There are 2 protein chains.
Amino acid sequence: MASSKQQKGEKNKLFIGTFIHSKQLDELEFFHDTAVCVDKSGKIIAVESSCDQKRAEETLYPKLGWSAADVDVTVGRDGEFFFPGFIDTHIHAPQYPNAGLFGKSTLLDWLNTYTFPMEASLSDLARARRIYSRCVRRTLAHGTTTAVYFATIHVAATNLLADLCLGAGQRAFVGRVCMDHSLSGPPDANSYLDESAAASEAATRATIAHVRAIDPSFALVSPILTPRFAPACSREALRRLGALRAETGLPVQTHISENVGEVALVRACFPEAAHYADVYDRAGLLGARTVLAHAVYLSPAELDLVASRGAGVAHCPCSNSALTSGEAPVRVLLDRGISVGLGTDVSGGYSASVLEAARLAALVSRHVAMPRSRPRRGRIQQGEEKGEDGNEDEGEGEGGEEESEEDRERREKAKLSVEEVLYLATRGGAKVVGLADQIGAFRVGMDWDAQLVGLSTVGEEDVEETQGITKEREEEEEDRGNVDIFGWESWEERVAKWVYNGDDRNTRMVWVKGRLVHQRRK
Amino acid sequence: MASSKQQKGEKNKLFIGTFIHSKQLDELEFFHDTAVCVDKSGKIIAVESSCDQKRAEETLYPKLGWSAADVDVTVGRDGEFFFPGFIDTHIHAPQYPNAGLFGKSTLLDWLNTYTFPMEASLSDLARARRIYSRCVRRTLAHGTTTAVYFATIHVAATNLLADLCLGAGQRAFVGRVCMDHSLSGPPDANSYLDESAAASEAATRATIAHVRAIDPSFALVSPILTPRFAPACSREALRRLGALRAETGLPVQTHISENVGEVALVRACFPEAAHYADVYDRAGLLGARTVLAHAVYLSPAELDLVASRGAGVAHCPCSNSALTSGEAPVRVLLDRGISVGLGTDVSGGYSASVLEAARLAALVSRHVAMPRSRPRRGRIQQGEEKGEDGNEDEGEGEGGEEESEEDRERREKAKLSVEEVLYLATRGGAKVVGLADQIGAFRVGMDWDAQLVGLSTVGEEDVEETQGITKEREEEEEDRGNVDIFGWESWEERVAKWVYNGDDRNTRMVWVKGRLVHQRRK
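Residues numbered from 1 in each chain as written. Chains lettered and ligands numbered in written order. Predicted model: local features only at pLDDT ≥ 70, side-chain atom pairs only at ≥ 80, totals over all residues. Heavy atoms only, no water.

### Remarks on the overall build of chain A
To keep it simple, the criterion reads: The numbering of helices and of strands both runs from the N terminus, where a helix is a DSSP run of H or I of at least 4 residues and a strand a run of E of at least 2. Whether a residue is buried, partly exposed or exposed follows from its accessible area with a 1.4 Å probe, protein chains only, as a fraction of its type maximum: under 20%, in between, or over 50%, in that order.
Looking only at helices and strands, chain A features 16 helices and 21 strands. Of all 522 residues assigned to chain A, the portion counted as buried reaches 65%.

### Comments concerning the packing of helix α4 (residues 125-141) of chain A against helix α5 (residues 155-168) of chain A
Residue and element names in this part refer to chain A. What counts is decided by this rule: To obtain an axis, a line is fitted to C-alpha atoms, over the contacting stretch when the element is a helix, and the angle between two such axes runs from 0 to 180 degrees between their N-to-C directions. Crossings are classed by handedness, with left-handed meaning an anticlockwise turn of the near helix from the far one by less than a right angle and right-handed meaning a clockwise turn. Any two residues whose heavy atoms approach within 4.5 Å are treated as being in contact.
Contact geometry for α4 and α5: axes closest at 10 Å, N-to-C directions at 35°. Considering the relative orientation of α4 and α5, their crossing is right-handed. Counted together, Leu-125, Ala-128, Arg-129, Tyr-132, Ser-133, Val-136 and Leu-140 of α4 and Ala-156, Ala-157, Leu-160, Leu-161, Leu-164, Cys-165 and Ala-168 of α5 form the full contact between these two elements.

### Describing helix α5 (residues 155-168) of chain B
Since the α-helix advances by 3.6 residues per turn, residues separated by three or four positions end up pointing in the same direction. All names here are of chain B. To be explicit about the condition: To estimate how far a helix should reach, multiply one less than its number of residues by 1.5 Å.
The terminal C-alpha atoms of α5, which comprises 14 residues, lie 20 Å apart, in line with the 20 Å expected from a rise of 1.5 Å per residue. Of all 14 residues in α5, 11 are buried, a share of seventy percent or more. When α5 is considered as a whole, its buried residues turn out to be Ala-157, Thr-158, Asn-159, Leu-160, Leu-161, Ala-162, Leu-164, Cys-165, Leu-166, Gly-167 and Ala-168. Downstream of α5 by one or two residues, Gly-169 has phi in the positive range, about 85°.

### Observations regarding the pairing of strand β1 (residues 12-24) of chain A
All names here are of chain A. We count it as follows: The pairing criterion for strands is at least two bridges between them, as found by DSSP.
A large share of β1 lies buried, amounting to 11 of its 13 residues. Pairing between β1 and strand β4 (residues 71-75): five bridges, direction parallel. Looking across to β4, one finds that Lys-13 is bridged to Asp-72. Where β1 meets strand β2 (residues 27-38), 10 bridges bridge the pair, whose relative direction is antiparallel. Following the sheet pairing, Gly-17 is matched in β2 by Thr-34. Here β1 folds back onto β2 in antiparallel fashion, the turn holding two residues.

### As for the nonpolar core
Going by this rule: Take the buried residues of types Ala, Val, Leu, Ile, Met, Phe, Trp, Tyr and Cys, join any two whose side-chain atoms come within 4.5 Å, and each joined set is a nonpolar core.
With 220 residues, the main nonpolar core has Tyr280(A), Trp498(A), Tyr132(B), Tyr149(B), Tyr280(B) and Trp498(B) as its most contacted residues. Sequence-distant contacts of Tyr280(B), that is, excluding residues within four places in its chain, are made with Phe229(B), Ala230(B), Leu238(B), Thr254(B), His255(B), Ile256(B), Leu285(B), Leu286(B) and Leu292(B). Grouped together as the second largest cluster of nonpolar side chains are 35 residues, Tyr96(A), Tyr132(A), Val136(A) and Leu161(A) included.

### What about the UniProt feature "domain: Amidohydrolase-related" (unreviewed entry) in chain A?
Our working definition: UniProt positions are given in the numbering used here, feature names are shortened, and annotations may be inferred rather than shown by experiment.
According to UniProt, the "domain: Amidohydrolase-related" (unreviewed entry) feature falls on residues 83-372 and 411-517 of chain A. Strand forms 16% of residues 83-372 of chain A and helix 45%; the C-alpha atoms that close the span are 37 Å apart.

### A look at the packing of aromatic side chains
This is how it is decided: Stacked, tilted and edge-to-face are the three classes applied to pairs of Phe, Tyr and Trp rings, where Trp contributes its six-membered ring and a pair requires centres within 6.5 Å; stacked means planes under 30 degrees apart, edge-to-face means over 60, and tilted covers the rest. Any Lys NZ or Arg CZ that is within 6 Å of a ring centre and within 35 degrees of that ring's normal is treated as a charge sitting over the ring.
Following the criterion strictly, the structure yields 46 aromatic pairs over all chains and no others. With a centroid separation of 6.1 Å and an interplanar angle of 45°, the aromatic rings of Phe82(B) and Trp511(B) are classed as tilted. Here Phe82(B), found in strand β5 (residues 81-84), pairs with Trp511(B), found in strand β20 (residues 507-512); they are 429 residues apart in sequence, far enough to count as distant. Each member of the pair Phe82(B) and Trp511(B) is classed as buried. Linked through ring pairs, Phe15(A), Phe19(A), Phe82(A), Phe442(A), Trp448(A) and Trp511(A) together constitute an aromatic cluster. Positioned above the aromatic ring of Trp488(B), the side-chain terminus of Arg127(A) is 4.0 Å from the ring centre.

### Topic: the pattern of salt bridges
All names here are of chain A. As a reminder of what qualifies: We define a salt bridge as a contact between a side-chain nitrogen of Lys or Arg and a carboxyl oxygen of Asp or Glu at a distance within 4 Å.
By the definition in use, this model includes 74 salt bridges over all chains. The residue Asp-447 makes a salt bridge to Lys-513 at a minimum N-O spacing of 3.6 Å. Here Lys-513 lies in the loop between β20 (507-512) and β21 (515-519) and Asp-447 lies in the loop between α15 (418-432) and β16 (450-453), a separation of 66 residues in the sequence. Note on accessibility: Asp-447 and Lys-513 belong to one class, buried.

### What to know about unusual backbone geometry
Residues and elements named next belong to chain A. A cis amide bond links Val-346 to the next residue, Ser-347, at an omega of 0°. Along the chain, Ser-347 turns up in the loop between β15 (339-342) and α13 (354-368). Here the phi dihedral of Ser-257 falls at roughly 50°; this positive angle occurs in a residue that is not glycine. The residue Ser-257 is located in the loop between β12 (252-256) and α8 (260-269) in this model. Classification of Ser-257 by relative accessible area gives buried; the value is 1%.

### Quick look at the state of the cysteines
Residues and elements named next belong to chain B. Stated formally: Counting rule for disulfides: a pair of cysteine sulfur atoms within 2.5 Å.
Taken as a whole, this structure holds zero disulfides over all chains when the rule is applied. Of the cysteine sulfurs around Cys-135, a residue in no disulfide, the closest is that of Cys-165, at 8.1 Å. Cysteine Cys-178 remains unbridged, with the sulfur of Cys-233 as its closest cysteine sulfur at 6.8 Å.

### A word on helix α10 (residues 300-309) of chain B
Residue and element names in this part refer to chain B. Selection rule: An arc is given here, and it is the one of the directions from the helix axis to the C-beta atoms.
Those residues of α10 lying buried are Glu-302, Leu-303, Leu-305 and Val-306. Within α10, the buried residues cover an arc of 165° as seen down the axis, which keeps them to one side. Buried positions along α10 lie against α9 (276-282), β13 (290-294) and α12 (330-335). Within two residues after α10, Gly-310 carries a phi angle of roughly 80°, on the positive side.

Right, here's the structure in full:
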């Protein structure tokens, strides 16, 4: 059985080198020349600074009762660093083949045009296996050690996704999608829908039973209750899932307030609710370990409710930009004390990479921060008093309206730094899924969910190669991607370069619970 | 000498397979089972449909007077396609090592903090060689067959960049940067500045003379007049460069209206000008083959002027987002008849890839298209009449303000399609640099500036691999990146997938003027 096989033959592990993780939202912590010891169960049991392999063998092994023969040693090369594995708090595995296909659509027409037909096709298990295998393999290669998956309405295919995650060693929350209400008129025979609210519940229970059979303590793979989103669910379906949450204590995932049309639709469908968030709250679906995807247009009252319930948000910048949904006010969410992680939201988002989501989170936050008033567009009036201060970086509003200092500060504050988006990609996500004590950082007692990152070094000898055809790195054994390190960069700068130009080529090795689950060819 | 060496030993070339290029702004053209013949000078001399190698040998070679022994044949494999090389209309080669380093800065503080110190350091020729070599090699690997480079104020390093482009076979416009006015107070001994307007002109002439010596007809590498931007130039420097333009007919590049603070600064520095564009126009710098980078905040009067002069715009979405500059209104520019190409704007832009710029152009255009008014943020009022139409994708404005149908259409129209951003990356850029008849498409009489694109195929056998560690494509010989083709995609969908998830791994081979200038390892 996969779960027993998982740790079979695992040894103790010693990691040596540079370790980087988020100390807090806006600060990375760097550990150089450090040793991290991981036991056979995948737990970090020691973090020792100023330590190399020899010293670890001499001083740590005796304390831990380890013998060198029973330890796998991984030493980060010069310039490489260990980083916590990424947590993708929102990804639709069945939509993986649609990545990049969305045209000029927005949410509701995108669902009917691209998404439901693709999801419906996963009733074919062979097709589901092909798609899910590739999705799991790719996300592991991107350094995603934990994924919060929407599957489809199909129990068998959803169970298969759970099997594949367990087999591949990816930590996962796997949700069978509940949807019993048509978005596009009366359901017909071809509708991609649950037959009833009772059917939604029964199918959800079937998936829970399957996951319990393959991973009894949900140590690696857990079910997650998954009402698609309010407009696709009857009140009865929401109520039943809320009751199931109370009964099982399982986590919940759904969508909220992604698009203005959707918000209007929810208002129309649920006139009894105070607002969108209230629809879920009335059903008992809002609480700790509830993952709310998007949250672009939440009202102050909704923010208060979400914060008070302890629910978290999966911020999905690639998707919000691609589907013209809007710009999520991440700083506002954080300032309210709401936990925020990153979601790729494949295939509303075009990329399965959390690093890409982190990059886009930084960029989208800058769109939030852009001046909404434009400089005067007509002829420039002469004789106005203007400073010549070259460091002045903002002009005045259109029509002579001055922006208040407060507005200007609020805009400036909206920007997310490299440090912050990496926090969201790791510890932020861990909080959202209720695993803040277990994953997202390198602390004794936490699991070893990690990636080894290597960048490309620009050698002095490269200068000769520009003459004539440049065969890609003939001299090197491996392709280390587009992040070029010249050697003068600080560690903070290396990390920034990785965030902005990195890709799966930089993720050399990936571990989950101590198990090596991905390795790039040498 | 490099220029004579360039075509040495070149053979005639036959390309067989699928060719895709922009037919017009919003339409790609697909040529399957087609043969393209390129002569020894790098010109396309025949495009023949329904043609394979055998047929080409039997019917085309005799017509062209070719013998098989004198022809290099390249056959695109199944699923591969030839695409015109990318044109990067705005890139600062000396800033290449700063890619990804910009913190939370905006234009004017970014220049002083990151940019000027890096550029100043290229007075060291060895350092310049190392940086420029890598930049040229990387951009070729990204499929950039034509680059419009800002260099630095240093003549020797600028000349070296021209040498390297010629040696590597990259089509390039190389500009020595003219700047004789300090942005940050009185210049001191360490200032990165030309000593005077006369010095700006003399240094520019020195670079022109060098390029004329190595590539007399500017067939591959051309000088380009490069006033950095108005605030960094004296009126006298601008005037001298305008006169040099009139004297030589050389192209011009500069920046315009990137950031609201910069716009205010120009207004303050040039009170006699009607507006920012007028500053350049008064100096005689606006005309066909004038490349204006950014153009985020141009007024209607400026748009009219730019259009009437036939100047083009380098749209730099990565940079505009990264530096919180703003959202360029590309649709407005296009509708005014202004030519628009894409610029990576390294290192205001974090990526040297034009494909990334194309992707971001699509995304940023969706930010332009986002509703500016938000749904009511307070408690939702009950009893309002709302449709339940699932295809409704936009709600109402904040505070009950209805958006007009006209505004809504204008927003929707702002979105750039995959077809459109690829047009900007190729034919749009070709127009901006005045080479619309020579590069950017596959037409008889044009140069063979092209890339061979290959995507990753998801095999049926992949399903077994998710068990246990997934070593990256052990079974394959090469890493074809993150674009996964399942086999059911249309050609349009393959192209969209490439735009949204492609990278340099998909650019298998690159040619400029018929010469193979980059090839990924097998």
